[in-house]
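Secondary and tertiary structure notes
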Amino acid sequence: MRTQILRANPLVLLSVGAFSLVGSFFITDLTIGGIALAAYVLAGLVLLPGWRYPLICLAFSLFAALTVVYSAWRLSSGGLEAGLVQGLRLVVLAWPGSVAVGYLDPARLSDYLAQTLRLPARLVAAFGAALQRVTSFGHAWTQLERTRRARGLGPSRNPIVTARYVGGMTFALLVHAMRGATRSAVAMDARGFVTADTRTWAEPATWTRLDLTGLALAAALGAVPVVAFLLGG
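Below you will find a few notes about this structure. (Residues numbered from 1 in each chain as written. Predicted model: local features only at pLDDT ≥ 70, side-chain atom pairs only at ≥ 80, totals over all residues. Heavy atoms only, no water.)

1. Some points on the overall build of the protein chain
- Counting its regular elements, the protein chain contains nine helices and zero strands.
- Reading the secondary structure of the protein chain in the N-to-C direction produces α-α-α-α-α-α-α-α-α.
- Taken over C-alpha atoms, the radius of gyration comes to 22 Å for the protein chain, far larger than the 17 Å a tight globule of 233 residues would show.
- When the 233 residues of the protein chain are sorted by exposure, 30% land in the buried category.
- In the protein chain, of all internal contacts separated by at least 6 residues, the share reaching a separation of at least 24 is 80%.
- When the accessible surface of the protein chain is summed, it comes to about 14200 Å², and 67% of that surface belongs to carbon and sulfur atoms.
- The positive charge centre, built from 20 side chains, and the negative charge centre, built from 9, are 12 Å apart in the protein chain. (Helix = DSSP H or I, 4+ residues; strand = E, 2+ residues; numbered from the N terminus. Rg over C-alpha atoms; globule rule 2.2 N^0.38 Å. Buried < 20%, exposed > 50% of the residue type's maximum accessible area, 1.4 Å probe, protein only. Contact = heavy atoms within 4.5 Å. Areas by Shrake-Rupley, 256 points an atom, 1.4 Å probe, with all protein chains shown as cover. Lys, Arg positive; Asp, Glu negative; His and termini not counted. Charge placed at Lys NZ, Arg CZ, Asp CG, Glu CD.)

Here is the structure:
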């Protein structure tokens, strides 16, 4: 059950964020916000393969929510409760989608954008190539870090040395990114990226029963605050 999300259609994963965005507009009090957040937490406990990444996303969402709560509390006339409602709305809006995107495969996303949504093939190919370059940054940073540690150039407790280390790593990652972009550009040009009018795709963009179930679940989770709002009204 917990590994099913890794096999899900990329458009289904994107729909999680879209439906949570729609549902967040109906969070008008703490009760509705609490019910909506509890529904997503329950779904995460059942469906997610691990909790380290979701908790990191939750931490960023909570930080953003706290800034909204503080601003609303200090600058608006609604008081602390109104600020908490806005903070809950932001968490429900941002957290589910950010978690779902973390399990998205850029290559599969390109296939589905082109074959299911019928987006322009050139745009989709460029977008997919860019996403793949972004997702490779973490691996590149790890390899650069291991190389520098092997040479005795790792960080230390001295903040000045650490700052130099981070600056050197960042510059090395920039050089790596530029070289990778050059290789991608040459490869895409050799394959007729600019002049080709029709394109084929390596994998078919099929919709399985798992995808339809996931889409229905994403819609149901997004509908939780809508139903709570209607019943409360």
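2. Thoughts on the packing of helix α2 (residues 30-47) against helix α4 (residues 79-101)
- Running from amino to carboxyl end, α2 crosses α4 at an angle of 25°, the nearest separation of the two axes being 9 Å. The angle between the axes of α2 and α4 places the two elements in the roughly parallel class. In the packing of α2 onto α4, the handedness of the crossing is left-handed. On α4, the residues touching L30, G33, G34, A36, L37, Y40 and V41 of α2 are E81, L84, V85, L88, V91, V92, W95 and P96.
- The residue makeup of the contact of α2 with α4, split by class, is 12 nonpolar, two polar and one charged. (Axes fitted to C-alpha atoms, helices over the stretch in contact; angles between N-to-C directions. Parallel < 35°, antiparallel > 145°, perpendicular 65-115°, else oblique. Left-handed = near helix turned anticlockwise from the far one by under 90°. Nonpolar A, V, L, I, M, F, W, Y, C, P; charged D, E, K, R; others polar.)

3. Considerations on the nonpolar core
- Among the nonpolar cores identified, the biggest contains 32 residues, and L13, I27, W95, V99 and Y103 are the most heavily contacted of them.
- Broken down by element, the residue count for this core peaks at six residues, all from α4.
- When sequence neighbours within four positions are dropped, the list of residues in contact with L13 reads I5, A8, A100, Y103 and L104. (Core = buried A, V, L, I, M, F, W, Y, C linked by side-chain atoms within 4.5 Å.)

4. Observations regarding helix α9 (residues 209-232)
- With 24 residues, α9 should cover 34 Å at 1.5 Å per step; its first-to-last C-alpha distance of 34 Å lies within 8% of that length.
- At A223, α9 shows its largest kink, close to 35°, and the proline P225 lies no more than four residues downstream.
- Those residues of α9 not exposed but buried are D211, A218, L221, G222, P225, V226 and A228.
- If you follow the buried residues of α9, they end up packed against α1 (10-24), α2 and α5 (106-115). (Expected span 1.5 Å × (residues − 1). Bend = angle between axes of the 7 residues up to and from the residue.)

5. Quick notes on the packing of α1 against α4
- Two elements in contact, α1 and α4, have axes separated by 7 Å at closest approach and are oriented at 175°. The orientation of α1 with respect to α4, classified from their angle, is roughly antiparallel. Side by side, α1 and α4 meet where L13, L14, V16, G17, S20, L21 and S24 of the first sit next to R89, V92, L93, P96, G97, A100 and V101 of the second.
- Considering only residue class, the contact of α1 with α4 consists of nine nonpolar, four polar and one charged.

6. A short note on the packing of aromatic side chains
- Counted under the stated rule, the structure contains four aromatic pairs.
- Above the plane of the ring of W73 lies R74, whose end atom (NZ or CZ) is 5.6 Å from the centre. (Phe/Tyr/Trp six-rings, centres within 6.5 Å; stacked < 30°, edge-to-face > 60°. Lys NZ or Arg CZ within 6 Å of the ring centre and 35° of its normal.)

7. Quick look at the side chain of S24
- Tracing the backbone shows S24 in helix α1.
- Residue classification places S24 among the buried residues on the basis of a relative accessible area of 1%.
- A polar atom in the side chain of S24 sits 2.7 Å from the backbone oxygen of L21. (Polar contact = N/O pair within 3.5 Å; in protein donor to acceptor, adjacent residues only side chain to side chain.)

8. Overview of α2
- Taking 1.5 Å per residue, 18 residues should reach 26 Å; α2 reaches 25 Å between its end C-alpha atoms and fits that length.
- Taken residue by residue, α2 has I32, G33, A36, A39, Y40, A43 and G44 as its buried positions. An end-on view of α2 places all buried positions within 135° of arc, on one side of the element. Exposed and facing more than 90 degrees away from the buried side of α2 are T31 and L42.
- Buried-residue contacts for α2 involve α1, α4 and α9.
- For α2, the side-chain oxygen to backbone nitrogen distance between the N-cap and T31 is 3.1 Å, and the N-cap itself is D29. (Arc of directions from axis to C-beta.)

9. Quick look at unusual backbone geometry
- For R118, which is not glycine, the phi dihedral falls at a positive 60°.
- Mapped onto the elements of the fold, R118 is located in the loop between α5 and α6 (121-135).
- Judged by relative accessible area, R118 falls into the exposed class, the value being 66%.

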